[in-house]
Amino acid sequence: NDDNIIYRSSRGGVPFGMVTEFSGPPSSGKTQLALSIAAHAAFENKWQVHYISGGNSRKALSRRLFTMCLELARVTAMQCWGSELGGGITDHIKEDAQSAALKALDRVTVASVPDAYSLLAILARIDNEEASFRGGSDSSKRENNGTLLVVDSVSGCLGHHLSGDKVGSALVNQVALTLRQMARTHDGHLGSNMTSHAQESSGMFQPRRFAVVVTNGSVAKRSSENESLGSSKTTTGKPTQNKPAMGRYWHVSDVGVWLEVDRSQRDSRTHPINFYDDTPVVGLSSVDKNVVCATLQNHYGKSCKSGRDQSTPGVGTLFTEFRIRSGGIADV
């Protein structure tokens, strides 16, 4: 379905004109998944990507993103030149891959924001840029066929606002409304008029697409048992259940996914993760070989509560698993 795919080669993806939110505890793969989506959008789809971080270093994120684009470029170069060059990674393939990866990074802007005011300012600038694309010429629309907006760790840049007065909750609510409005306003299929529909059907140009991806942290669920114990475990010895952070003031996602490490498939040994055995990956120098379970929480505004295990937080009717790796993520 061309209406909900950013990964061209996969059977699914991020829906256009919607806000997709990935929530989960620390080290559950949220940032790696967001970076992987951004790399595919910039390299494969040739989209403009705005990556806004709520806490991570811009330099570290840029280097991790380059690592992913480089792997995608090397795979593409191998497919183009592998049969002619005996299937090995030659200097020619490395040069082509690095050039293609750098070209993909030219489509990406990375920013770090400390609070809601800075985030709203950047969103206003992106909003103006998208408005200029909509009013631009047909050639500019063909050259810039879509935009992906990623806000990584909204709890990192917005969470501290909720500990103050009512102004903080109003700011958080304003950010959520702005993200939803941008997703719907700037997506071509939802914002096109009659003329652009006619031009699309005649093949003159494809309308610009727009998608929003948000990552969110987690907090412990409140219960009388948890409060009386005051620790990360209940009196029965079971771990405290988690839920998405930001509380009742945060309503942004059209599609919500809960990420959590599958402890049953955890490899307790740590291994250095390198890219092609010679390039260290920033932020992933030594991690567990974790398998992450992604569970659908809500889909287009409807809650998904009937899952495979009602005792697991965030469980829905649909789930999948993936493995964290240096070049992004991989199927299990």
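Residues numbered from 1 in each chain as written. Predicted model: local features only at pLDDT ≥ 70, side-chain atom pairs only at ≥ 80, totals over all residues. Heavy atoms only, no water.

Colleague: Whenever I open this one, helix α1 (residues 30–43) confuses me. Can you help?
Modeller: Structural remark: α-helix, 3.6 residues per turn; residues separated by three or four positions point the same way. Here α1 contains 14 residues, and its C-alpha end-to-end distance of 20 Å stays within 8% of the 20 Å for a straight helix at 1.5 Å per residue. For α1, the tally of buried residues reaches 14 of 14 residues, placing the bulk of the element in the interior. (Helix = DSSP H or I, 4+ residues; strand = E, 2+ residues; numbered from the N terminus. Expected span 1.5 Å × (residues − 1). Buried < 20%, exposed > 50% of the residue type's maximum accessible area, 1.4 Å probe, protein only.)

Colleague: Explanation requested: the pairing of strand β13 (residues 291–299) in the structure shown.
Modeller: In summary, the side chains of a regular strand alternate between the two faces of the sheet. Across the 9 residues that make up β13, a large majority, 8, are buried. Of the strand pairs in this sheet, strand β8 (residues 255–261) and β13 are connected by 7 bridges, and their pairing is antiparallel. Note that in β13 the partner of Leu 259 across the bridge is Ala 294. The sheet contact formed by β13 and strand β14 (residues 302–303) spans 2 bridges and is antiparallel. Residue pairing for β14: Asn 298 is matched across the bridge by Ser 303. Hairpin remark: β13 followed by β14, antiparallel, with 2 residues in the connecting loop; positive phi at Tyr 300, about 50°. (Pairing = 2+ DSSP bridges.)

Colleague: What is the right way to read helix α7 (residues 166–185) from this model?
Modeller: Compared with the 28 Å implied by 1.5 Å per residue over 20 residues, the 28 Å span of α7 between its first and last C-alpha is a close match. Within α7 the residues assigned to the buried category are Gly 168, Ser 169, Leu 171, Val 172, Val 175, Ala 176, Thr 178, Leu 179, Met 182 and Ala 183.

Colleague: Explain the environment of Pro 15 to me, please; I cannot follow it from the model alone.
Modeller: Residue placement: Pro 15 occurs in the segment before β1 (19–23). Residue Pro 15 is classed as buried on the basis of its relative accessible area of 7%. Expressed as a C-alpha distance, the spacing of Pro 15 and Phe 210, which sit 195 residues apart in the sequence, is 9.0 Å.

Colleague: Before we go on, may I ask you to explain the pattern of salt bridges in this structure?
Modeller: A complete count under the given rule lists 5 salt bridges for this structure. A salt bridge links Asp 254 to Arg 180; its shortest N-O distance comes to 3.7 Å. Separated by 74 residues along the polypeptide, Asp 254 in the loop between β7 (242–244) and β8 and Arg 180 in helix α7 bring together distant segments of the chain. With a closest N to O distance of 2.4 Å, Asp 254 and Arg 184 form a salt bridge. Placement of the pair is Asp 254 in the loop between β7 and β8 and Arg 184 in helix α7, with a sequence separation of 70 residues. (Salt bridge = Lys/Arg side-chain N within 4 Å of Asp/Glu carboxyl O.)

Colleague: Could you clarify how one ought to interpret unusual backbone geometry in this entry?
Modeller: What is expected of a backbone is that most residues other than glycine have negative phi and most peptide bonds are trans. You will see that Ser 27, though not glycine, has its phi angle at about 65°, which is positive. Following the sequence through the fold, Ser 27 ends up in the loop between β1 and α1. Residue Ser 27 is classed as exposed on the basis of its relative accessible area, which comes to 61%. Positive phi, normally seen in glycine, also occurs at Lys 46, with a value near 60°. Mapped onto the elements, Lys 46 comes out in the loop between α1 and β2 (48–53).

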